Amino acid sequence: MCLAVPARIIELTGDDAVADAIGNHIQIKTTLVPQAKLGDIVLIHAGFAIAVVDEEEAQKTWQLLADLDNFSKTDKRVSG
Amino acid sequence: MLDRINIAYSQIDKAHKLLGRRINVMEVCGTHTVSVFRAGLREAFPKGLKLLSGPGCPVCVTDQGYIDVVLSLAERDDCLIATYGDMIRVPGRKGSLERKADRGNIKIILSAQDALNLAKQNPGKKVLFVAVGFETTAPATAIVVNEAMQQGIKNLFIFSNHKLVVPAMQALLLDKNNKIDAFLCPGHVSVIIGSDAYKPVVEQFKKPCVVAGFEPMQIIEALAEICRQIVDGKPQACSLYSAVVTGAGNKTAQKIIEETFDAVDGYWRGLGQINKSTLKLKEKFSSLDAEKHFKVEFIPQEDITGCRCGQVLCGLIDPPECGLFAKSCTPDTPVGPCMVSSEGACAAWFKYARRKRQK
């Protein structure tokens, strides 16, 4: 449950933002990271950005999520 | 990468030889449990190291009495229940939210903000927000509580059962039967509380507390760091997840938690009552407090007969040692909470560790 996902802020008005997480656009709040700017990558947990992260860190997590996705597809094939 | 693994493993071997026994590291976070299994690390670790799954899944540590209260409120026609999806299948004494979902008043939300929106969209209903989760999730609840207060929302009620990680770690170490030599500390809880938050654990119990992210290599190196600290006799609170977790954590989030909640004694499944471990709304927000509005009596319940989730959560047994595991208790028919959540230790063991044995 305590897993946060990195996403790039593509719209920002006050603390309301739209973020792009691997192609998914999600409505988020940046209340907890007042320093976040348009274009920044933030870690999102339950609809709230909790940290600003750098590009390299975000890439690692996106890769990990892609691996997980592939793994679960393989998993289904094996058990199904 | 192989070099890094070899260096890490030799560090673990060194600590094993020095202690003359196996080193037990508790991974506090459910996401670590799953990452470790998924990467096949358990099988690949040196023999001198054992990982114990800790109480790091908020669903798993939520007391059955709390779920029973939510279930009884779900029976009211004037209530809408707003809950994170993780909670929906957890069995209480009277079924689960999933089984009540056909009444149409159970709403799965992805953000605390959705609970507030639900209240605005349904002025004729009382919206109960099932507020569970650790420090990662608590700030979101706090923001929504403050917004609802400012906007004069009268039909949103927060049933807060947010938990704090550090008091649980301390409670585990106070148990004289514990086998824990060190903690692999959660990644995203630590984004909020910072790695310095574990200093009291290190100072009081002399156990290393190392924060790691979720990449397998970083988990291996965090375990090696723990072993290095054991060999040197210098336990520390530190973070290998430095790109995201700082010593101080997210001060804005900590401030809003402090301003919104009081830490009170709270009941954890398997661990019992823990001092100042549960967040309840401060008096000034009592108009939003579900416990006050619905006058609920929150009685801790005995755990389910035969279910050993409590011992699993304390790292005392591995899931297959429970008589129900993979027999009457499976992810499709969960008896205990550790089988319900995909991050629960039993569900992770069921999914990843059974396959090996079946081969």
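Residues numbered from 1 in each chain as written. Chains lettered and ligands numbered in written order. Predicted model: local features only at pLDDT ≥ 70, side-chain atom pairs only at ≥ 80, totals over all residues.

Details of the overall build of chain A
Logical step 1: The helix and strand inventory of chain A stands at one helix and five strands.
Logical step 2: Evaluated residue by residue, chain A yields a buried proportion of 38% over its 80 residues. (Helix = DSSP H or I, 4+ residues; strand = E, 2+ residues; numbered from the N terminus. Buried ≥ 20, exposed ≤ 12 C-beta atoms within 10 Å, placed from the backbone.)

Remarks on the sheet that holds strand β11 (residues 261–268) of chain B
Residue and element names in this part refer to chain B.
Logical step 1: Taken in spatial order, the three strands of this open sheet run β7-β12-β11, and their pairing is antiparallel. Since the sheet does not close on itself, it has two edges, and those belong to β7 (162–163) and β11, each with one partner.
Logical step 2: Bridge analysis of β7 against strand β12 (residues 272–281) gives two bridges, and the strand direction is antiparallel. Residue pairing for β12: K163 is matched across the bridge by T278. (Pairing = 2+ DSSP bridges.)

Points about the interface of chain A and chain B
Logical step 1: Residue-level contacts link 21 residues of chain A with 33 residues of chain B.
Logical step 2: Contributing elements (two or more residues each) for the side of chain A that touches chain B: β4 (41–45), β5 (48–53) and α1 (55–79) of chain A. (Contact = placed C-beta atoms within 7 Å.)

Observations regarding the pairing of β5(A)
Logical step 1: The buried fraction of β5(A) is high, at five of six residues.
Logical step 2: Remark: two residues form the turn of the hairpin made by β4(A) and β5(A), two consecutive strands paired antiparallel; A:A46 in that turn has positive phi of roughly 45°.

Describing helix α13 (residues 251–260) of chain B
Logical step 1: Taken together, the buried positions of α13(B) are B:A253, B:I256, B:I257 and B:T260. The buried residues of α13(B) occupy one face: seen down the axis, they fall within an arc of 105°.
Logical step 2: Buried positions along α13(B) lie against β5 of chain A together with α8 (138–150), α10 (187–193), β11 and β12 of chain B. (Arc of directions from axis to C-beta.)

Brief notes about the environment of B:M339
Logical step 1: Locating B:M339 in the fold gives a position in helix α16 (residues 337–340).
Logical step 2: Residues B:M339 and B:H162 lie 177 residues apart in sequence; the distance between their C-alpha atoms is 20 Å.

Observations concerning the nonpolar core
Logical step 1: Within the largest apolar cluster, 144 residues are counted, with the highest numbers of intra-cluster contacts made by A:V42, A:I50, B:V70, B:I81, B:L128, B:F129 and B:L223.
Logical step 2: Broken down by element, this core gets its largest block of residues, eight residues, from helix α12 (residues 216–232) of chain B.
Logical step 3: Among residues more than four places away in sequence, those in contact with B:I81 are B:V70, B:L73, B:A74, B:L97, B:N105, B:I106, B:K107, B:L128 and B:V130. (Core = buried A, V, L, I, M, F, W, Y, C linked by C-beta atoms within 7 Å.)

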